[in-house]
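Working through the structure, step by step
The residues making up each chain are set out below.
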Amino acid sequence: MHVGGTRVGGAFADGFYVSPAVVTGIPVGSQIYYEEFFGPVVTVYRAGSDAEALALANNTQYGLGSTVFAVEPGRAEAFAEGLDAGMTGVNQSAPETEGMPFGGVKRSGYGRELGPLGIDEFVNKRLYSVKK
């Protein structure tokens, strides 16, 4: 644990509430490395290059959404192209909107929902032809 992650007392003393946490030092390839955190937790890794950072980002069983922030737009877009995720935002968080398909890859889901493209995931299309 780098910072945070302590139990919050006071009005929440009877619950299981923790302060937001930044976690560092998780060994790549360990069991906890592959777990999906829920709650106010962020893991941070240091990478020596964009290629190393991309390999770390894609080394997961999940792939719902991702966000890339960078000062150089071309660099951010190139990095985002290499991410294995269902949705990716560049220099913005939460790229999903009601008109766009929502969904992930890997263990984060199969297919899409919402939007014109997503509606096709819920229908069976049939070719019907009549010759006269």
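Everything that follows concerns the structure shown earlier in this document.
Description of the structure in this document. Starting from 1, residues in each chain are numbered consecutively following that chain's sequence as written. The predicted origin of the model limits local features to residues at a pLDDT of at least 70 and limits the giving and counting of side-chain atom pairs to 80 or more, whereas totals for whole chains, interfaces and linings rest on all residues. Side-chain figures throughout are based on the complete set of non-hydrogen atoms in the structure, without hydrogens or water.

1. Let's talk about the overall build of the chain
Helix and strand counts for the chain come out as three helices and five strands. Note on conventions: DSSP H or I runs of at least 4 residues are helices, E runs of at least 2 residues are strands, and numbering of each starts at the N terminus. When the elements of the chain are put in sequence order from the N terminus, they spell out β-β-β-α-β-α-β-α. Looking at the chain residue by residue over its 132 residues, the buried ones come to 17%. Nonlocal contacts in the chain, meaning residues at least 24 apart in sequence, comprise 22% of its contacts between residues at least 6 apart. Total accessible area on the chain stands at roughly 9,900 Å², and carbon and sulfur atoms take up 57% of it. Type-normalised accessible area, obtained with a 1.4 Å probe on protein chains alone, sets the label of each residue: buried when under 20%, exposed when over 50%, and partly exposed for intermediate values. Note on contacts: a residue pair is in contact if any heavy atoms of the two residues lie within 4.5 Å. Accessible surface area values rest on a Shrake-Rupley calculation with a 1.4 Å probe, where residue burial reflects the displayed protein chains alone.

2. As for the packing of aromatic side chains
Two rings from Phe, Tyr or Trp (for Trp, the six-membered ring) form a pair when their centres are within 6.5 Å of each other. A pair whose planes differ by under 30 degrees is stacked, one over 60 is edge-to-face, and the rest are tilted. The full count for this structure, using the stated rule, is two aromatic pairs. A centroid spacing of 4.8 Å and a plane angle of 90° characterise the contact between Tyr33 and Tyr34, whose relative ring orientation is edge-to-face. Given the relative accessible area of 24%, Tyr34 is considered partly exposed. Look at Tyr33 and Tyr45: their rings are 5.6 Å apart centre to centre, the planes differ by 75°, and that puts the pair in the edge-to-face class. Of the two residues, Tyr33 is situated in the loop between β2 (21–24) and β3 (41–44) and Tyr45 in the loop between β3 and α1 (50–58); the sequence distance between them amounts to twelve residues. One aromatic cluster in this structure is built from Tyr33, Tyr34 and Tyr45.

3. A few points about unusual backbone geometry
Leave glycine aside and you will find that most residues have negative phi; peptide bonds, for their part, are mostly trans. In this structure, Asn91 takes a positive phi of about 55° despite not being glycine. On the secondary structure map, Asn91 appears in the loop between β5 (87–90) and α3 (115–119). Owing to a relative accessible area of 36%, Asn91 belongs among the partly exposed residues under this scheme.

4. Side note on the sheet that holds β3
Strands sit in the order β1-β2-β3 across an open sheet of three strands; the sheet is mixed. Each edge of the sheet is formed by a strand with only one pairing partner; in this case those strands are β1 (3–4) and β3. What makes two strands pair is DSSP finding at least two bridges between them. Both β1 and β2 contribute to a ladder of two bridges, which runs antiparallel. Of the residues in β2, the one forming a bridge with Val3 is Val22.

5. Remarks on the layout of surface pockets
Empty space among the atoms becomes visible once a probe the size of a water molecule is rolled across them. Here a cavity denotes grid points, spaced 1 Å and computed from the protein atoms alone, that fit a 1.4 Å probe unable to get out, and a pocket denotes an open set having protein on both sides within 12 Å along at least 5 of 7 lines; residues with an atom within 4 Å of a point are the lining. Grid points are joined across faces, edges and corners, and a volume is the space filled by probe spheres set on the points. Its boundaries defined by the atoms lining it, the largest pocket holds a volume of some 1,200 Å³. In terms of lining residues, the largest pocket is bounded by 40 residues, among which Leu56, Ala57, Thr60, Gly65 and Ser66 are the most central. A total of five residues in the lining of the largest pocket trace back to one element, the largest contributor, which is α1. For the lining of the largest pocket, the residue count by class is 23 nonpolar, ten polar and seven charged. Charged means Asp, Glu, Lys or Arg here, nonpolar means Ala, Val, Leu, Ile, Met, Phe, Trp, Tyr, Cys or Pro, and polar covers whatever is left, Gly included.

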